[in-house]
Every structure is written in structure tokens, then in C-alpha cells.
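Residues per chain are reported as follows:
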Amino acid sequence: MPSRAPYRGGVRPTETRGPAGVVRTALRPRMLALLALALGLAVVFAELGSWQLGRARTGQQAPPERAVVPLQQVLAPQEALSAESVAGPVAVRGTWADVPQQLVVGRAADGSPGDGAWVLAAVEVPDADPAGLDPADLDPAAGDPAAGHPVAAPGDGGALLPVVLGWVPDADAAAGAPPAPTGAADLVGELAVSEDPRGLVGLPAGRLAAASSADLLNVWDGRVYAGYLVPDAPSQEALALSSRAPGARAVPPPERESGTNLQNVSYAFQWWVFAAFAVLMWLRVVHDVHRRALERAEDEAEERAAAQEPRATGGAADPERSDDPGGPADDRPAHDHPAHDHPAHDRPADDRPADRDPADRRAQEASR
Amino acid sequence: MSTGRPTPPAPTGARARRLREASLGPALTRYRVMAIVTGVFLLVVTVQLVVREVFGPEILGSWVAIAHGWIYIVYLVTVVDMWSRLRWGPARLAGLVLAGVVPFVSFVVEHRVTQEVRALLRQLAQQRDGA
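Basis of the calculations
Numbering of residues starts from 1 in each chain and follows the order in which that chain's sequence is written. Numbering of ligands from 1 and lettering of chains from A proceed in the order in which they are written. Only residues with pLDDT of 70 or above have their local features reported here, since the model is predicted, and side-chain atom pairs are shown and tallied only from 80 upward, although totals for entire chains, interfaces and linings are computed over all residues. UniProt positions are given in the numbering used here, feature names are shortened, and annotations may be inferred rather than shown by experiment. A run of DSSP states H or I qualifies as a helix once it reaches four residues; a run of E qualifies as a strand once it reaches two. Both are numbered from the N-terminal end. The contact criterion used is a C-beta to C-beta distance within 7 Å, with each C-beta placed from the backbone. By this rule the span expected of a helix is its residue count minus one, scaled by 1.5 Å. Think of it as a crowd count around each C-beta: if 20 or more other C-beta atoms lie within 10 Å the residue is buried, if 12 or fewer it is exposed, and in between it is partly exposed, with C-beta placed from the backbone throughout. Linking buried Ala, Val, Leu, Ile, Met, Phe, Trp, Tyr and Cys residues through C-beta atoms within 7 Å yields a set, and such a set is a nonpolar core. Only strands that DSSP links by at least two bridges are regarded as paired with each other. Working convention: axes come from line fits to C-alpha atoms, limited for helices to the stretch in contact. Angles between N-to-C directions cover 0 to 180 degrees. Any angle that falls under 35 degrees is termed roughly parallel, while one over 145 is termed roughly antiparallel, one within 65 to 115 roughly perpendicular, and all others oblique. In this scheme the handedness of a crossing depends on how the near helix is turned from the far one: anticlockwise by less than a right angle means left-handed, clockwise means right-handed. Three classes are used: nonpolar for Ala, Val, Leu, Ile, Met, Phe, Trp, Tyr, Cys and Pro, charged for Asp, Glu, Lys and Arg, and polar for all others, with Gly counted as polar. Per residue, pLDDT measures the predictor's confidence, with a range of 0 to 100.

- An unreviewed UniProt entry lists chain B under the name DUF3817 domain-containing protein, with Pseudokineococcus marinus given as the organism.
- Note on chain B: under the UniProt heading Subcellular location (unreviewed entry), the record states "Cell membrane".

1. Some points on the overall build of chain A
- Along the backbone of chain A there are 10 helices and 8 strands.
- Within chain A, contacts between residues separated by at least 24 positions form 76% of all contacts whose residues are at least 6 apart in sequence.

2. Digging into the UniProt feature "transmembrane region" (unreviewed entry) in chain B
- The feature "transmembrane region" (unreviewed entry), as annotated in UniProt, sits at residues 31-51, 63-83 and 89-109 of chain B in this numbering.
- Along residues 89-109 of chain B one finds 71% helix and 0% strand; the C-alpha atoms at either end are 16 Å apart.

3. A short note on helix H2 (residues 24-54) of chain B
- Compared with an ideal rise of 1.5 Å per residue, which puts 31 residues at 45 Å, H2(B) spans 44 Å between its outermost C-alpha atoms and is within 8% of the ideal.
- Listed in full, the buried residues belonging to H2(B) are Leu28(B), Tyr31(B), Met34(B), Ala35(B), Thr38(B), Gly39(B), Phe41(B) and Leu42(B).

4. A short note on the nonpolar core
- Ranked by internal contacts, the top residues of the largest apolar core, which has 50 residues, are Val92(A), Val123(A), Leu161(A) and Val163(A).
- Going through the elements one at a time, strand S2 (90-96), strand S3 (102-107), strand S4 (113-125), strand S5 (159-168), strand S6 (184-193) and strand S8 (227-231) of chain A are the ones with two or more residues in this core.
- With 24 residues, the next largest nonpolar core counts Trp271(A), Ala275(A), Tyr72(B) and Val79(B) among its residues.

5. Digging into the pairing of S4(A)
Residues and elements named next belong to chain A.
- Among the 13 residues in S4, 10 count as buried, and that is most of the element.
- Here S2 runs beside S4; their pairing, made up of 2 bridges, is antiparallel. Counted as the bridge partner of Thr95 is Glu124 from S4.
- Here 5 bridges tie S3 to S4, and the two strands are oriented antiparallel to one another. Residue pairing in the sheet places Arg107 in a bridge with Pro113 of S4.
- Note that S4 and S5 share 9 bridges and pair antiparallel. Bridge assignment links Leu120 to a residue of S5, and that residue is Val164.

6. Quick look at the environment of Leu32(A)
Residue and element names in this part refer to chain A.
- Inspection of the secondary structure assignment puts Leu32 in helix H2 (residues 29-57).
- Judged by the 12 C-beta atoms lying within 10 Å of it, Leu32 falls in the exposed class.
- Residues Leu32 and Trp282, spaced 250 residues apart in sequence, show a C-alpha to C-alpha distance of 9.5 Å.

7. What to know about the packing of helix H1 (residues 13-20) of chain B against helix H5 (residues 105-129) of chain B
All names here are of chain B.
- Close contact between H1 and H5 brings their axes to 10 Å; oriented N to C, the two are set at 115 degrees. One finds that H1 runs roughly perpendicular with respect to H5. Classified by chirality, the crossing of H5 by H1 is left-handed. Residues Ala16, Leu19 and Arg20 of H1 form the contact with H5, whose own contacting residues are Leu120, Leu124, Gln127 and Arg128.
- Its residues placed into classes, the contact of H1 with H5 shows 4 nonpolar, 1 polar and 2 charged.

8. Looking at the pairing of S2(A)
Residues and elements named next belong to chain A.
- Counting buried positions along S2 gives 7 out of 7 residues, so the element sits mostly inside the fold.
- Two strands pair when backbone bridges link them, and strand S1 (residues 69-70) and S2 are joined in this way by 2 bridges, in the parallel orientation. From the neighbouring strand, Pro70 faces S2, where its bridge partner is Ala91.
- With 6 bridges connecting them, S2 and S6 associate as antiparallel partners. Counterpart to Arg93 in the pairing with S6 is Asp186.

9. Observations regarding the confidence of the model for chain A
All names here are of chain A.
- Residues at a pLDDT of 70 or more form 62% of chain A, whose mean pLDDT is 70.
- Ignoring residues within four places in sequence, the model shows residues 1-13, a span with pLDDT below 50, making 22 contacts including any to other chains.
- Here residues 131-155 scores under 50 on pLDDT; set against residues more than four positions off or in separate chains, the count is 37 contacts.

Laid out in C-alpha cells, this is it:
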């Protein structure tokens, strides 16, 4: 706050200057009511922030590295993925489905926009895990599709789980590759939420614009899981892919909703900033109300000083004043101005109503 | 100047002196920069939202929405600063705060505020120069 020139209007301001005056302003009932409102807003905003942070953490509430569980234990066909679904690896046992392999074009290996394509095949997974829940059987490191596991017979009404076999740099070269894998499938990998559908318009057969279960439903017969699997270890099928498509690579495991998490964390912080802002705003309002009271006292004193003159509300100088500076001044001796030693400066003699006292103005300019 | 609203009477006396000392010009510039940036980001967020709902794909990603949130906070700081210097009332503060979250409205409000503050600055300058 800029330092103010000493008050010289001859009338004491009713408002106390300094910290004591600010505190007195803050303790007025209206200001206290505003404080209650600001604190209420701050609490609501802080709660919203915590809620956002909670949303950001949903993907991590389950143990981050939970043990491998059978797919059926954490996800049912055509149901949305839960936090549990993506909290760790899943084991998938079934049969490579006899459905057309799909190329998800226009993406780099990690799924970001770019050249190349993901190769999607489908494993038909029975609704109940035929092997029972035997964790000892589930070895995430094993790329061995051990033939000993009981495998559901094809066509028993299982649902299709899209599996990312890998990434190829050239979709056209991969399109002519041998057909999708067949036989028993025994995979361990990470689930990812199905991408938003992009439709099939403008795409040749066997091509998709997104790894979307909704789009896959149009090209594959049967039920489709609402997510896709990215195998942890290169499966034999993936290796087979690389042998037949030059430059093929495995796809990195999906990030567990990290984009959404970042967004939610940022929103959480924003809500907390808003909460702090509400309280700071109250302090600012108290400061301004106090300052305005001081300024009003100053204005009133000034008006009182010019009480005998018509008020210059239009900003333009009153013609009377410039023509006859002595005239209005004659009315003023009755007015109480004990401290005023420059009556000529008491009203704007020229077109400068803003500057009550040129000496005052010079002093301020000098102090800058 | 055609803002549609009548030009308020020029402040006089101590009021004018205070406004002249309040560095309104730089405060207005800061506000304008943030109002335009906020408005543009708000438009991009809105367009992205509509496109995502209608067509599916996300154009630019979630960083736009995140950035808009933080830019809006900076906008609020410039708003409070300018509002306090101008000695405006609480209703105008509420209007400026809300203008930053309504698409297009932010540009309209920014234009009106600029016209009004510039007119005020002109009045103050005329008084000082004794025009």
C-alpha cells in the first residue's frame, strides 16, 4: 500500500489507521459472516480436492503388485474394468479364437500416435477358470504354454479377450502375414481398459483405428471383454509374429490409467489452491473495506472543504470557478478550516479538481 | 468509444489521485493478457469436449484441461489485483471471476473492461494535463 500524505483536511477520520483499524474492521459482523462463508467454501473446495485425489488413487488402492490371478477372478465379460482388474497381472487360459486378426493402425509401439500398428488376436476364455485357483500353476515368468493345463474346448460359450501380440512398423507388410495363432493359449499379462471406439468407416477389412472392444464387436462374433491384454513375457505367438513381420516388437505394458491420475492429482491441487484463495480473498476484502473507510473519510473531508461550491461531478471544471476564483471563496470563511493555511488551494481554481493541493502533489512526486 | 453504457462521471479530488497512483495501466495489461489466454484455453477445452462426445477421439489430450485450471488461477490473481486497484464493488469481482469459466463471455467481458478502464485512464490524464 502506498504511503499516504498526512491528512490535512481539518477533520479527523473516524476510522483508525494501522493494524488495529484492520482488526476492528475484520471483527465487524458483516466481515465475520463473510469469513464464515469463505471458510465454508474453503472446506468444500478442500473436500473436493481430497475427493479428486481419491479418484486419482483408485487405480492403486489395491496392492500395486498383487499376485497373478486368473482373469475370471477380476473381470467378467462385457463388464467395466475395476481397480482390481488393472492392479496387477492376470493369467489367461483358453484357446486362440478363430477370428480375423486385427491391425490397430496409426500408432507407435507404446500406443501413442505414430506409424505402425498393433496386432490384435483373440483368446476365447471360458467364463469359469477350468484349472481352479491354483497359484502354484501361475508363473508369470513362464512363456511356456505348458500343454499339461486343462484347456476349455473351443466354442463352449466363452468370451473373447483381445490380446496385443505385438507392434509392427509396417501395417501393409503385416497384413499379408500368416493367420492368427491357433490352439491352446496360456498367457500372463496386464489388462488395459478398452479404448474409445473410433468406428470402422474408411478402414479396410482387418484394420481398426483403436484397440476398442466396441469396434471389435463389429468384426468378431461373440462376447468381447471390455479390456485387452498386453502379455508380460513374449509368448510363442508374439515371437512367431516377429519372425514373419520385419521389425515387429513387443508392446510395453499399459500404464495404469496414469494419464487420468495425473489429471486428477492436478485437479486436486487446484481445488486446494481455490480453498486457500477463498481465505486469502477474505483477508483482501477486509483490507479493502478498511482502506475504503479511510478513503471515504478523506473524501468527506474534501467535500466538506468544498461544501460551499457546487460539486464537480462531471469532471469538467465548473465555469464559475475559473471565471471567478474569488467568488466562491468568499463564501467559505464560515466553514471550519482551522488547519488550512492555503485557502487558495482549497478548491480547484483551474481544471484540476483531482489535486486539492499542488504542494501535496509535489511532495508525493518527490517521494517517489 | 462505444461501450453501450454511459460514461461514468470522472472521479475527482482524492479519488482521482488514488486511482492515478494505483498503476492501473499495468494492472489492466496483466488482466487482459490472462483474460485472453484463459479464454482461448477455455475455448480449446470446450471444443475438445464437444469433439470427444460427438466423434470419440481426444484431439490434444488431457493437458489442455489441466493447463486451463492453473491458468485460471493466475487469471484470478490478476482479476483481484486490478479490481482492488480500481475500487470496484463485490458484484464486479464476482462477474470477473465467473467470466473466466464461461466460453466466449470471457472475451466480451475483457473487451468491456478494457474500454471502461481506458476511458477512466483518459479522464484521469485529461485532468492532470489540465485539458
